[in-house]
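The residues making up each chain are set out below.
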Amino acid sequence: MALLRPTSLVFTVQRHEPELVTPFKPTPHHDHCNSVSDVNGGEAKPTPDDHGCNLVSDVVNGGEAAAKPKPTPYETKLLSDIDDQEGHRFQIRGLHLYRFNSCMQGKDPAKVIREALSKALVFYYPIAGRLREGPNRKLMVDCSGEGVLFIEADANITLDDFGDMLHPPFPCYDELLYEPAGSNQLLNCPLLQIQVTRLKCGGFIFAHRFNHTVSDAVGLIQFMSAIGEIARGALTPSIPPVWERHLLNARDPPVVTCIHDEYDFRTAANGTYIPTDNLVHRSFFFGPTQIRALRKLIPNNFNCSTFDLITACLWRCRTKALELGPDEDVRFICVVNVRYKFNPPLPLGYYGNALGYPAAIITAAKLCGNSLDYAIELVKQAKAKVTEEYMKSTADLMVIGGRPNVNTVRSFLVSDLTRARFRDVDFGWGNAVFGGPASGQPIISFCIPSKNKEGEDGIVVPVCLPEPVMETFIKELDQILKDKETKF
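All values derive from a computational prediction rather than experimental measurement.

**A look at the overall build of the protein chain**
- Tallying secondary structure elements over the protein chain gives nine helices and 21 strands in all.
- Considering the protein chain as a whole, with its 488 residues, one finds that 54% of them fall into the buried category.
- Sequence separation of 24 or more characterises 79% of the internal contacts of the protein chain that already satisfy a separation of 6 or more.
- For the protein chain, the exposed area adds up to about 20,700 Å²; of that, 50% sits on carbon and sulfur atoms.

Structure (structure tokens):
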């Protein structure tokens, strides 16, 4: 079966005091650590003349680059009308796990990352600011230079203690990302927190919390990759950051031109609500064996991606396990990266939310009573809805409708992270052995690239459901794969 056994690892973490890391400001002696302050010491808000410096590289005599200080702007930057919708007003939490690398012997990952973070914030200076809310719930970043939260720590475990397969949910995650009281609110708090935890084996864990209104997964990885490049010696990021949030703002006047089932709440008051307490988290691995088993359930000439296949299967199993009334509607909501849906595409380096949430809606009876390829076709049709006009219509809907959330009632939302390149973030220790979300969410699952213990490539999907529903869900999925040999 596809179920991965949860890890019951218990360990202790010794943490240093939380710090605020601000954009790098060179001193006469180029002291890289001068941009760190104590988060518990009642830090003073910087003045407009005290917000770090930009590092502007010039090529001197055809070769050597020199860094010139330039103050980072003290300004207010509006988020886009796609950024600040209700569904983005939460924190993303994830982690990267790195093995010991003999080439980095004697290097402290916490120090390396802290210093690189400070320099990266020069280019991504809004991330060192704070989120404010204006009229009509409009969100904006006060580029105050107050800094991001940083914690270094040590744990009495090795990476091998986590087992053969690294997958969410990760044990003791609240120890790997300790969040000080009052630090993780949406407004007036650090937009980013990082904790670097050194392991006994010489490896380390890079855990993070990020305000989703500021960036999506692509933007977050772009920023993390910039930290990695600077940690490895670069003076500037290879991809310069682009703000340009006006590109995803509503039109004037706003006009909704498309059907948006994802924001339709007309049937939300009727039928079954799925409780969000007593949830259990489980992860499921789909490797070559599981994918072959699922493809045997659809016609040979039926064309679909692995994502379509897995998500349609999970949507049907989940709906069956919930035991809904036959006429109750259920939704599949897909997270779509829209950067290349525009003509011309959004500029390279854009790190805001460029996401659409197209939905397929159907009754439980029709979804569960039809074949798997029927569900796959619904998934494909939902994804195909997203166009440039669709996104403009979405932005207009946000302004007209008060920036609503998607309809989460009886909805299953899936984000495909197989191309997000979380594992490619390299701080000098090589690629991560795992990179991605720390767990699933009550209605959100992620497709995360992974390997089983035999080294086969596959996809891990974390799922959260009430405990009795999860038991039924596992049986439904096992029933589909029951005659197929698995390899993990």
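**Focus on the packing of helix α4 (residues 288–295) against helix α5 (residues 306–322)**
- Viewed as axis vectors pointing N to C, α4 and α5 meet at an angle of 75 degrees, and their least axial separation amounts to 11 Å. Of the possible angle classes, the one that applies to α4 and α5 is roughly perpendicular. Residues I291, L294 and R295 of α4 form the contact with α5, whose participating residues are T306, L309, I310 and C313.
- Looking at the contact of α4 with α5, its residues break down into five nonpolar, one polar and one charged.

**Structural notes on the nonpolar core**
- Counting 82 residues, the largest nonpolar core has L95, L117 and F162 as its most contacted members.
- No other element matches helix α1 (residues 109–123), which puts nine residues into this core.
- For this core, the two domains that each supply at least three residues are domain 1 (11–21 + 72–246) and domain 2 (261–481).
- Residues within four places of L95 in sequence aside, it is in contact with F170, Y173, L176, I205, F206, A207, H208, F434, G435, G436, P437 and A438.
- By size, the runner-up hydrophobic cluster in this structure holds 59 residues, among which are L248, F332, V338 and V386.

**Comments concerning the environment of A2**
- The residue A2 is located in the segment before β1 (3–4) in this model.
- A relative accessible area of 2% means that A2 is categorised as buried.

**Some remarks on α1**
- The terminal C-alpha atoms of α1, which comprises 15 residues, lie 21 Å apart, in line with the 21 Å expected from a rise of 1.5 Å per residue.
- Judged by how many residues are buried, α1 sits mostly within the fold: 14 of 15 residues are covered.
- For α1, the N-terminal cap is D108; the gap from its side-chain oxygen to the backbone nitrogen of A110 is 3.0 Å.

**Some points on the sheet that holds strand β10 (residues 139–142)**
- Taken together, the three strands give an open sheet; going across it, the order is β7-β10-β9, and neighbouring strands pair in antiparallel fashion. Unpaired on one side and paired on the other, β7 (76–78) and β9 (130–133) mark the two borders of the sheet. Pairs of neighbouring strands in the sheet enclose a mean axial angle of 35 degrees, with direction left out of account.

**A word on the pairing of strand β15 (residues 329–337)**
- Most of β15 sits inside the fold, with eight of its nine residues counted as buried.
- Here β15 runs beside strand β17 (residues 359–363); their pairing, made up of five bridges, is antiparallel. Bridging across to β17, V330 finds its partner in I362.
- Note that β15 and strand β18 (residues 411–416) share five bridges and pair parallel. Note that in β18 the partner of C334 across the bridge is V414.
- Of the strand pairs in this sheet, β15 and strand β16 (residues 355–356) are connected by two bridges, and their pairing is antiparallel. Among the inter-strand pairings, V336 is bridged to a residue of β16, identified as G356.

**With respect to the pairing of strand β12 (residues 192–198)**
- A large share of β12 lies buried, amounting to seven of its seven residues.
- Both faces of β12 are covered, namely the face carrying L192, I194, V196 and R198 and the face carrying Q193, Q195 and T197.
- Sheet analysis places strand β11 (residues 148–155) next to β12, joined by six bridges and oriented parallel. Looking at β12, one finds that E152 is bridged to V196.
- As paired elements, β12 and strand β13 (residues 204–211) share seven bridges and run antiparallel to each other. When the sheet's bridge partners are listed, Q195 is paired in β13 with A207.
- Taking the residues that link successive antiparallel strands as the turn, the β12-β13 hairpin has five residues, and the phi of G202 there is positive, at about 100 degrees.

**Some thoughts on the confidence of the model for the protein chain**
- Confidence in the prediction of the protein chain, expressed as mean pLDDT, is 88, and 88% of residues score 70 or more.
- Between residues 28–69, whose pLDDT stays under 50, and residues either more than four places distant or in other chains, the model counts 88 contacts.
- Predicted confidence is poor over residues 483–488, with pLDDT under 50, and the contacts of this stretch with residues over four places away or in other chains come to 20 contacts.

**Comments concerning the packing of α1 against helix α3 (residues 217–231)**
- Two elements in contact, α1 and α3, have axes whose closest approach is 8 Å; the angle formed by their N-to-C orientations is 120 degrees. Viewed along their axes, α1 and α3 adopt a mutual orientation that is oblique. For the crossing formed where α1 meets α3, the hand is right-handed. Here α1 contributes V112, I113, A116, L117, K119, A120, L121 and F123 to the contact with α3, which in turn contributes F223, I227, I230 and A231.
- Split into classes, the residues belonging to the contact of α1 with α3 amount to eleven nonpolar, no polar and one charged.

How each quantity is defined
- Residues numbered from 1 in each chain as written.
- Predicted model: local features only at pLDDT ≥ 70, side-chain atom pairs only at ≥ 80, totals over all residues.
- Heavy atoms only, no water.
- Helix = DSSP H or I, 4+ residues; strand = E, 2+ residues; numbered from the N terminus.
- Buried < 20%, exposed > 50% of the residue type's maximum accessible area, 1.4 Å probe, protein only.
- Contact = heavy atoms within 4.5 Å.
- Areas by Shrake-Rupley, 256 points an atom, 1.4 Å probe, with all protein chains shown as cover.
- Axes fitted to C-alpha atoms, helices over the stretch in contact; angles between N-to-C directions.
- Parallel < 35°, antiparallel > 145°, perpendicular 65-115°, else oblique.
- Nonpolar A, V, L, I, M, F, W, Y, C, P; charged D, E, K, R; others polar.
- Core = buried A, V, L, I, M, F, W, Y, C linked by side-chain atoms within 4.5 Å.
- Domains from an automatic or database assignment.
- Expected span 1.5 Å × (residues − 1).
- Polar contact = N/O pair within 3.5 Å; in protein donor to acceptor, adjacent residues only side chain to side chain.
- Pairing = 2+ DSSP bridges.
- pLDDT = per-residue confidence, 0-100.
- Left-handed = near helix turned anticlockwise from the far one by under 90°.

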